Amino acid sequence: MVLDKQYKIAEVDKRIYGSFIEHLGRAVYGGIYDPTHPDADEDGFRKDVIDLVNELKLPIVRYPGGNMVSAYNWEDGVGPKELRPRRLELAWRTIETNEVGTNEFMKWANKVNAEVMMAVNLGTRGIDAARHLIEYCNHPSGTYYSDLRIKHGFKEPHRIKTWCLGNEMDGPWQVGHKTADEYGRLALETAKAMRLVDPTIELVACGSSNSDMPTFPEWEATVLDHTYEAVDYISLHQYYGNRSDDTANYLAKSMVMDDFIKTVIATCDYVKAKKRSKKTMNLSFDEWNVWYHSNDQDRQIEPWEIAPPQLEDIYNFEDALLVGTLIITFLKHADRVKMACLAQLVNVIAPIMTENGGGAWKQTIFYPYMHASVYGRGVSLNPVIQSSKYDSKEYTDVPYLESAAVYNEANEELTIFAVNRHLEEQLELECDIRSFEDYQVIEHIVLENSDLKVANSVGKQQVKPHSNGNAGLQDGRLFAHLPKASWNVIRLKK
């Protein structure tokens, strides 16, 4: 690998390390919020969960959905709790108590120092509800909805910057599913109304729910044909699984994400050219993760329960390796992918798990996510990589080495993230870093395990990183052993 501080892709927007909390399963109730828990704070939020989230340095969190938002009335979640209605939550067929709503969530986000990416309901509702919600959240005072927020105990506006115009509106499973033309027109008019209330906001239009949708990428082209000058981002969603139990094939799936991103970029640039626009559309990959372990369990859940254990994937070591390659893929596209949300944050396909009334713990995927968020701030560099390759069942020319590097000029630090996909052999990494004169290796973090299927549980962290990697420098070249099937973080400082 060759790294040069002049080979720049773009400044990394810290929001690519975002996450997501939906009113789904135990993400909210029993996850971030449990007033009966011995470790709950004065607002009912679990302090042990807050401590784990703070380790991630979470920059932004998407809320309140997700599929749930497409039939959600935001007014149900504000005002005196004893007056809030219980509703049938149609997306996941549970009972929503509305004990936590907009203001409570903003309180929690402030506790973890995260911005909020708020979603509006464009399924069963539309322009009116969206303009009223943004007035409630962002307008200082002197109007009906801003004064209502003040009456509810929040004098200062929430000043939410980033807003999603609905969720997965291309999906037939979505309450209020629409065609691309129907959604594009509604998104445009909603965007116009919201910007009249607050011209400083950023808006995300719904892209395809995944790259296998039959309407992809025509959906993006049509939606952007309507909304190109009115929005700032188009969204991407994708989940990955190892259903065939083929690890070599599974670890190649970051190539699917890479192709997805490139296709959406090409579609955006086609619309830009078609409209003769000077504006470049950026991407918000605001749902991504591994999701397949819990599918059978979820089919057995009885409907209309309150906060049942839904989508509770227990992640193994190979899942952590894939998550590492997916994060590296975002860094490779730092020039266009400006936001991304690991879906989700607590209990629901999440890096953090809790027991009701008990402990909280880190899943295997917590570690690459945390390492990237903490050490991956700066400029994403464009490494020149030569690596041997392999073919898997579905993919060809898969490089054994998947790597990205981030240069933090202000701190005079360089961080190399590297996954060795080889399941039998270590890789001997040689990296030319002569442009980084007087830099020294300060740490080589390794996440490895001889058992690809091993998982963590409460009180039993079988998968966790160590700092015993052997990276070293000689004559402007970095040498390191990357153990077989491993995630590596090599940190250098001047």
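Just so it is clear, the structure is predicted and the values come from calculations on it, not from any experiment.

What counts, and at which threshold
Residues numbered from 1 in each chain as written. Predicted model: local features only at pLDDT ≥ 70, side-chain atom pairs only at ≥ 80, totals over all residues. Heavy atoms only, no water. Buried < 20%, exposed > 50% of the residue type's maximum accessible area, 1.4 Å probe, protein only. Helix = DSSP H or I, 4+ residues; strand = E, 2+ residues; numbered from the N terminus. Pairing = 2+ DSSP bridges. Axes fitted to C-alpha atoms, helices over the stretch in contact; angles between N-to-C directions. Disulfide = S-S within 2.5 Å. Salt bridge = Lys/Arg side-chain N within 4 Å of Asp/Glu carboxyl O.

Q: I'd like a rundown of the pairing of strand β3 (residues 60-63), residues and numbers included.
A: On a regular strand, one side chain projects to one face of the sheet and the next to the other, so that they alternate. Every second residue of β3 is oriented toward a common face, with Ile60 and Arg62 on one face and Val61 and Tyr63 on the other, all of them buried. Note that β3 and strand β6 (residues 115-120) share 4 bridges and pair parallel. Residue Arg62 lies in a different strand from β6, and its bridge partner there is Met117.

Q: Explain the sheet that holds β3 residue by residue, including any values.
A: The parallel closed barrel is built from 8 strands, whose spatial order is β2-β3-β6-β7-β8-β9-β10-β11. When the angles between neighbouring strand axes are averaged without regard to direction, this sheet yields 30°. Here strand β7 (residues 162-165) pairs with strand β8 (residues 202-205) via 4 bridges, running parallel. Across the sheet, the residue bridging to Thr162 is Glu202, located in β8.

Q: Got a sec to walk through the state of the cysteines? Specific residues and values, please.
A: In total, this model carries 0 disulfides according to the counting rule given. Here Cys206 stays unpaired: no disulfide links it, and the sulfur of Cys164, its closest cysteine neighbor, is 7.4 Å away. The exposure class of Cys206 is buried, given its relative accessible area of 3%. Unpaired in this structure, Cys341 has its nearest cysteine sulfur neighbour in Cys164, at a distance of 7.2 Å. Given the relative accessible area of 0%, Cys341 is considered buried.

Q: If you had to explain the pattern of salt bridges to someone new, which residues and values would you point to?
A: Once the charged atoms of two side chains with opposite charge are near each other, the side chains can pair. Across all of its chains, the model carries 32 salt bridges by this definition. The closest approach of N and O atoms between Glu75 and Arg125, which form a salt bridge, is 2.7 Å. One end of the pair, Glu75, is in the loop between β3 and β4 (87-89); the other, Arg125, is in the loop between β6 and α3 (127-138), with 50 residues separating them in the sequence. Owing to a relative accessible area of 29%, Glu75 belongs among the partly exposed residues under this scheme. A relative accessible area of 28% means that Arg125 is categorised as partly exposed. Each of Asp41, Glu42, Asp43, Lys107 and Lys111 takes part in a single network of salt bridges with overlapping partners.

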